[in-house]
Amino acid sequence: MTLPLLEVKDLQVEFKTYEGELKVLNGVSLTVKHGEKVGLVGETGCGKSITMQSIMGILPCPPGKITGGKVMFKGQSILRIVENELKGIRVRGISYIPQDPMSGLNPVFKIGTQVKDVIKFNRRDSERANGKHIRETIMDAFKKVKLPDPERISQNYPVQLSGGMQQRVLIAMALVTNPELLIADEPGTALDVSIQDQILELLKELVLKENVSILIITHNLGVVRTLADKVYVMYAGNIVEEGRTSDLFEDPRHPYTRGLLASIPKITGGGVAEGIRGRIPSYLNPPEGCRFYPRCDYAMSGCEKQRPLLFEVEQDHKVACFLYKGE
Amino acid sequence: MEFLSYLVRRSISMIATLIGISVLIFLLIRVMPGDPARLALGTQATQDMVEDLRQRMHLNEPLHKQYYYWAKGLLQGDLGRSLYSYRNVTQDLKEFFPATIELILFAILILVTVGLLFGILAASYKDTWIDGSIRFIAYAGVSIPYFLWAIFLLLIFGYFLDIMPTGGRLSAGVKMPPPLTGMVTIDALVSGNLLTLLDALKHLILPAISLSTGGIATAARVTRTSMSDNVKKDYIQVAKSFNIPRNVIMYKYLLKPSLIPTVALLGMQLGVLVANAFLVELIFNWPGFSRYGIGTMLNKDLNGITAVVLIVGGIYVIMNFVVDLIVAYLDPRIRLREA
Amino acid sequence: MIREGSRGLESFQRGWYKFSRSKMSIVGLCVVLAIAILAVFAPFVAPYPEHVGAFLDFSAVFRAPSFEHPLGTDEVGRDVFSRIIFGFRFSLILGLTVLSLVVPMGTILGLIAGYYKDTWIDTIIMRTTDTFLSLPPLVLALAIAAILTPNLFNAMVAVSLAWWPWYCRMIYSITSSLRNEPYILFADVIGAGKIHILFREVLPNCISILLTKTTLDMGFVILIGASLSFVGLGVQPPRPDLGTMLANGTQYLPEKWWVVVFPALAILLVVVGFNLLGDGLRDALGVEEV
């Protein structure tokens, strides 16, 4: 078994707030192997953004606090505390594509300037640093993301570009450092559906062509279904189900996953989509056992006191639910 | 190119505002109770003399006609005669104006450099003692009214410590440099008269600082807040994730967007400076335009008052205009969006 | 920026809790209350209330601070401490009067202008406001006070005329941005009268910002009043006003320092008190743009 590219093991994170300490991440584990497209899915507030920030090393501490677990990239631990708001200790090999393109680009600088700086500060020592080389790299990257008229765009300010083009610029910036892993935060959510589709297709293509792995953080099941090979379903700070995309969508096991899929309105088949009753638990005093217990229709007596670990139900398909214990 | 169109738009709006101010001032003066001619001549004058003056001042004609005469005179540079000293108002102004401009320019200089510096320091060392003390100083600057600063500074440095002069522009016996711009410091610099320059600076420092205290405090506070707000923005996170070094993030990517609110606020600050110069000049015995203005007000010299208010309003509007241009230069969103 | 109208007592309690967490805000509140009490009970608190009017006692001229005269006496023998207390009284009167005129007037104009945005009503009101705003308030107040006879009443008129546009503009911007909110449009659709809409739907959103700005403005208005008196265009002697006391006293520096320093500190106290209180309100009520 080859070493996974990215491995998160049992990550625990707390957040200190005015009301008290929020136990946000309750032991999150996931892996991304070389060439894999992995999706991390969960509703707003489940902790997926915090997971991503911990991986990237941009979790603000305080108020955040990493209380346990490991994050390994290519076998090396990259988990670290960042105290200074401005210090960015980047991990070579991982690139981040932010959620909202408009706020991801600095509004008062030209596009070209921003991309150039990314290149300048990320080149390996062996690479040349002259202007011509940088310009070529930028043009290359822009062509890869299918931006029309790269010269002009380089001279433009972000406000002059449409949302879709801004997103492509951000993807280009991510690629320009030749990463091995892309982390995409809610790709396309800030855009119109048709543009979002284009961006997702672009990402699919790029992942193949550039030979990168990608970790997609999203609340949108559709995005996951399009892009990902493997899916982790997250709820209230825990991974509740993980497996191949096809397996998960055809045969969801965890009550939460089932509820999620049932909530998707279907064009065919009629009927109103059902939601899941209840709300996510308070992180201030989370339930001791399974965090989904208060909302679960299949709850059993043991679920309240003990937190279920991941049980394997079929090959590469694991569920954190006592219903499947011992299968 | 888009900048040019923005420039044109703002210029038109500025001219409109200037016209508006002139109307306002005119109406204000005419609408206030009291007969201007009577006020000018005093209670001793006969009714005939008053009538005579009223004719000459066009006071018996309909309001809009009066405005017309007045505006015409204005555009020709004629601000009328001071009803008190009988000198040409324009002449009086020319004499006193440069001193005030000098004071204000210095105050702006101090304000911008010190204010920005404090703000950046406070943001860099956020939540440390440096930040805390700067915030305290800023608070003191804003809460302690400028004329109190003037009095305290005068008291401490001028009297108790006796290291600064207590008034005027130049010490007795120091010769004025050849009048080029009317601003003693620049004239002295240009004519190579370093001793005069030094003396002039010594006289200039305390009043300039008093004027600038409020502005320093505001500039520091706004810069600090703006920087610490922007640090949380996505584009900074992205820059961090791409390992852009702290210095570059701080002084390039964070600074420029954060300066925008500070500069925008500067416009209002400048208006306040011009107004505050009134009292500061009084306290420091600075022979400037504001002191002249107060003189006109105390003497109920209507033409003088009109001229002063007009000038102050005009400066304010023009300065705001300049500030708007600077902001548009710094923030492409503004000039590009309006296009 | 805009929050829905607050729900009475509960939000007051929450606001108070937030307010009381900041020590400086409590200090501000105490200072303001102390000054208010002094001002209201001035005739009873001041040790020498008769010094406030025309009073001369050349035997007690320029006494340094002592037990009988805690802050000293001035150039005609009047007790500085008593005069300062009455000075507070006049300053507060000025501030309260001006603001109670300016705030309703500015607010109503702003509401109307904002509601009828982009009509001729809006244009007239806001153009006038903008023109007023293009002059620094101090200069405008000085000019107006100069033209009228200098006294407390006219000083109030002058400051009011200089100050109302700020409220008009502020309320205007809130109203015009709220105008397109769904709940305003719905109220219009179901036939609610314009007055109802303005006062029951729009106004509650402005309360926090109004309260904060008014408090902060008290300090500024008093300051402008003191500036007017300092120059000689406000309260006339022998009435004690902090500004006039300051002006009179500057000629006797530095030997008779107490005639200047104590009125100066008094002004400082008032301004700082209201600033702290206003800042505390701003933090407690969550207002951002004041």
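No experiment lies behind these values; they were computed from the predicted model shown.

Enquirer: I tried to follow the overall build of chain B on my own but got confused; where do I start?
Expert: A count of helical and extended segments in chain B gives 14 helices and zero strands. Helices (α) and strands (β) of chain B occur, in sequence order from the N terminus, as α-α-α-α-α-α-α-α-α-α-α-α-α-α. Long-range pairs, those at least 24 residues apart, make up 71% of the contacts in chain B with a sequence separation of at least 6.

Enquirer: It is not clear to me how the overall build of chain A should be interpreted in this structure. Could you clarify?
Expert: Scanning chain A from terminus to terminus reveals 10 helices and 12 strands. Whereas a compact globule of 327 residues would reach a radius of gyration of roughly 20 Å, chain A reaches 21 Å, a difference of no more than 12%. Along the first, second and third principal axes, the C-alpha atoms of chain A reach 70 × 50 × 45 Å. Within chain A, buried positions represent 42% of all 327 residues. For chain A, the share of sequence-separated contacts (at least 6 apart) that also reach a separation of at least 24 residues comes to 62%.

Enquirer: I'm lost on the interface of chain B and chain C in this one. Help?
Expert: Quite often, the size of an interface is put as the accessible area lost when its parts meet. Opposite the 34 residues of chain B that make contact, chain C presents 31 residues. Within the residue set of the side of chain B that touches chain C, elements represented by two or more residues are helix H1 (2–31), helix H7 (146–160), helix H11 (246–284), helix H12 (289–298) and helix H13 (302–330) of chain B. Per-element tally for the side of chain B that touches chain C: the top contributor is H11 of chain B, with nine residues. Of the residues contributing to the side of chain B that touches chain C, the split by class is 27 nonpolar, six polar and one charged.

Enquirer: What is the right way to look at the sheet that holds strand E12 (residues 317–319) of chain A in this model?
Expert: Sheet strands associate in pairs through backbone hydrogen bonding, adopting either a parallel or an antiparallel arrangement. All names here are of chain A. Across the sheet, which stays open at both edges, the eight strands sit in the order E6-E7-E8-E3-E9-E10-E12-E11 with mixed pairing between neighbours. Both edges of this open sheet fall to strand E6 (94–97) and strand E11 (311–314), since each of them pairs with a single strand only. Adjacent strand axes in the sheet meet at a mean angle of 20° when their direction is disregarded. When strand E3 (residues 37–41) meets strand E9 (residues 230–235), the two strands line up parallel, connected through four bridges. Paired with Leu 40 across the two strands is Tyr 232, which belongs to E9. Packing of helix H1 (residues 48–56) onto the sheet brings it into contact with E3, E6, strand E7 (181–185), strand E8 (213–218) and E9, and relative to E7 it is tilted by some 145°.

Enquirer: I would appreciate a short explanation of the confidence of the model for chain B in the present structure.
Expert: A low pLDDT score tells you not to read the predicted coordinates there in detail. Per-residue confidence for chain B gives a mean pLDDT of 76, with 79% of residues at or over 70. Predicted complex metrics record ipTM = 0.72 and pTM = 0.73.

Enquirer: How do you make sense of the environment of Val 159 of chain A when you look at a structure like this?
Expert: Along the chain, Val 159 of chain A falls in the loop between helix H5 (150–155) and helix H6 (163–175). Its 17 C-beta neighbours within 10 Å are what place Val 159 of chain A among the partly exposed residues.

Enquirer: Teacher, can you tell me more about the interface of chain A and chain B here?
Expert: Each partner contributes to the interface: chain A provides 23 residues, whereas chain B provides 26 residues. When residues of the side of chain A that touches chain B are traced back to their parent elements, those giving at least two are helix H2 (101–104) and helix H3 (111–120) of chain A.

Enquirer: Please explain the environment of His 203 of chain B as it appears in this structure.
Expert: Residues and elements named next belong to chain B. Relative to the elements of secondary structure, His 203 occurs in helix H9 (residues 194–230). A count of 24 C-beta atoms within 10 Å places His 203 in the buried class. Expressed as a C-alpha distance, the spacing of His 203 and Phe 284, which sit 81 residues apart in the sequence, is 9.0 Å.

Enquirer: Where do I start with the pairing of strand E4 (residues 64–73) of chain A in this structure?
Expert: Remember that side chains alternate between the two faces of the sheet whenever the strand is regular. All names here are of chain A. Pairing of strand E1 (residues 6–17) with E4 involves eight bridges; the strand directions are antiparallel. In the sheet register, Lys 9 faces E4, and the bridge partner there is Lys 70. Where E4 lies against strand E5 (residues 76–77), two bridges are found, and the strand directions are antiparallel. Opposite Phe 73, over in E5, you have Gln 76 as the bridge partner. Hairpin connection, E4 to E5: the antiparallel pair is bridged by two residues, and Lys 74 has positive phi, about 50°.

Enquirer: For this particular structure, what's the right way to read H9 of chain B?
Expert: Quick reminder: α-helices carry 3.6 residues per turn. Residues three or four places apart thus point the same way. Residue and element names in this part refer to chain B. Compared with an ideal rise of 1.5 Å per residue, which puts 37 residues at 54 Å, H9 spans 45 Å between its outermost C-alpha atoms and falls more than 12% short. Of all the bends in H9, the greatest measures close to 45° and is centred on Ser 212. The buried fraction of H9 amounts to 27 of the 37 residues, a majority that puts the element mostly inside the structure.

Enquirer: How do you make sense of the sheet that holds E1 of chain A when you look at a structure like this?
Expert: Residue and element names in this part refer to chain A. The antiparallel open sheet is built from four strands, whose spatial order is E2-E1-E4-E5. The outermost strands of the open sheet, each flanked by one partner alone, are strand E2 (20–32) and E5. Along the sheet face, H1 touches E1, E2 and E4 and points at about 110° away from the line of E1.

Enquirer: Hey, could you run me through the packing of helix H4 (residues 80–115) of chain C against helix H7 (residues 152–178) of chain C in this one?
Expert: A pair of packed helices can be characterised by two numbers: the angle between their axes and the separation between those axes. All names here are of chain C. Contact pair H4 / H7: the axes reach a minimum separation of 6 Å and the direction vectors enclose 35°. The chirality of how H4 crosses H7 is right-handed. For the contact of H4 with H7, the residue count by class is 24 nonpolar, eight polar and one charged.

Enquirer: Is there a simple way to think about the environment of Ile 207 of chain C in this case?
Expert: On the secondary structure map, Ile 207 of chain C appears in helix H9 (residues 194–231). For Ile 207 of chain C and Cys 168 of chain C, which are 39 residues apart along the polypeptide, the C-alpha to C-alpha distance reads 14 Å.

Enquirer: Any chance you could explain unusual backbone geometry here in plain terms?
Expert: Glycine aside, residues mostly have negative phi angles, and peptide bonds mostly take the trans form. Residues and elements named next belong to chain A. With a phi angle near 50°, Asn 178 is a residue other than glycine that sits in the positive phi range. Looking at the secondary structure, you find Asn 178 in the loop between H6 and E7. For Asn 178, a count of 15 C-beta atoms within 10 Å puts it in the partly exposed group. Of note in this structure, Asp 316 is not a glycine but carries a positive phi near 65°. Among the structural elements, Asp 316 can be located in the loop between E11 and E12.

Enquirer: What's the story with the packing of H12 of chain B against H13 of chain B in this structure? I'm lost.
Expert: Residue and element names in this part refer to chain B. Across the interface, H12 lies against H13 with an axial gap of 8 Å and an inter-helix angle of 140°. As the angle between them shows, H12 and H13 are arranged oblique. The element H12 and its partner H13 pack so that their crossing is left-handed. Contacts between H12 and H13 involve Gly 293, Thr 296 and Met 297 on the former and, on the latter, Gly 304, Ile 305 and Val 308.

Enquirer: I'm lost on the nonpolar core in this one. Help?
Expert: As a rule of thumb, nonpolar side chains are buried together in soluble globular proteins. One finds Ile 216 of chain A together with Ala 141 and Leu 142 of chain C to be the most contacted residues of the largest nonpolar core, which totals 249 residues. The element that contributes the greatest number of residues to this core is H11 of chain B, accounting for 18 residues. The contacts of Ala 141 of chain C, once residues within four sequence positions are left out, are Ala 158, Val 159, Ala 162, Ile 224 and Leu 228 of chain C.

Enquirer: Where do I start with the pairing of E9 of chain A in this structure?
Expert: All names here are of chain A. The buried count for E9 comes to six of six residues, which makes it a mostly enclosed element. Side chains Lys 230, Tyr 232 and Met 234 project from E9 onto one buried face, and the interleaved Val 231, Val 233 and Tyr 235 project onto a second face that is buried too. Two elements, E9 and strand E10 (residues 238–244), share six bridges in a ladder whose sense is antiparallel. By the bridge assignment for E10, Tyr 235 is matched with Asn 238. Taking the residues between adjacent antiparallel strands as the criterion, E9 and E10 are bridged by two residues, where Ala 236 takes a positive phi near 50°.

Conventions we followed
Residues numbered from 1 in each chain as written. Chains lettered and ligands numbered in written order. Predicted model: local features only at pLDDT ≥ 70, side-chain atom pairs only at ≥ 80, totals over all residues. Helix = DSSP H or I, 4+ residues; strand = E, 2+ residues; numbered from the N terminus. Contact = placed C-beta atoms within 7 Å. Rg over C-alpha atoms; globule rule 2.2 N^0.38 Å. Buried ≥ 20, exposed ≤ 12 C-beta atoms within 10 Å, placed from the backbone. Nonpolar A, V, L, I, M, F, W, Y, C, P; charged D, E, K, R; others polar. Pairing = 2+ DSSP bridges. Axes fitted to C-alpha atoms, helices over the stretch in contact; angles between N-to-C directions. pLDDT = per-residue confidence, 0-100. Expected span 1.5 Å × (residues − 1). Bend = angle between axes of the 7 residues up to and from the residue. Left-handed = near helix turned anticlockwise from the far one by under 90°. Parallel < 35°, antiparallel > 145°, perpendicular 65-115°, else oblique. Core = buried A, V, L, I, M, F, W, Y, C linked by C-beta atoms within 7 Å.

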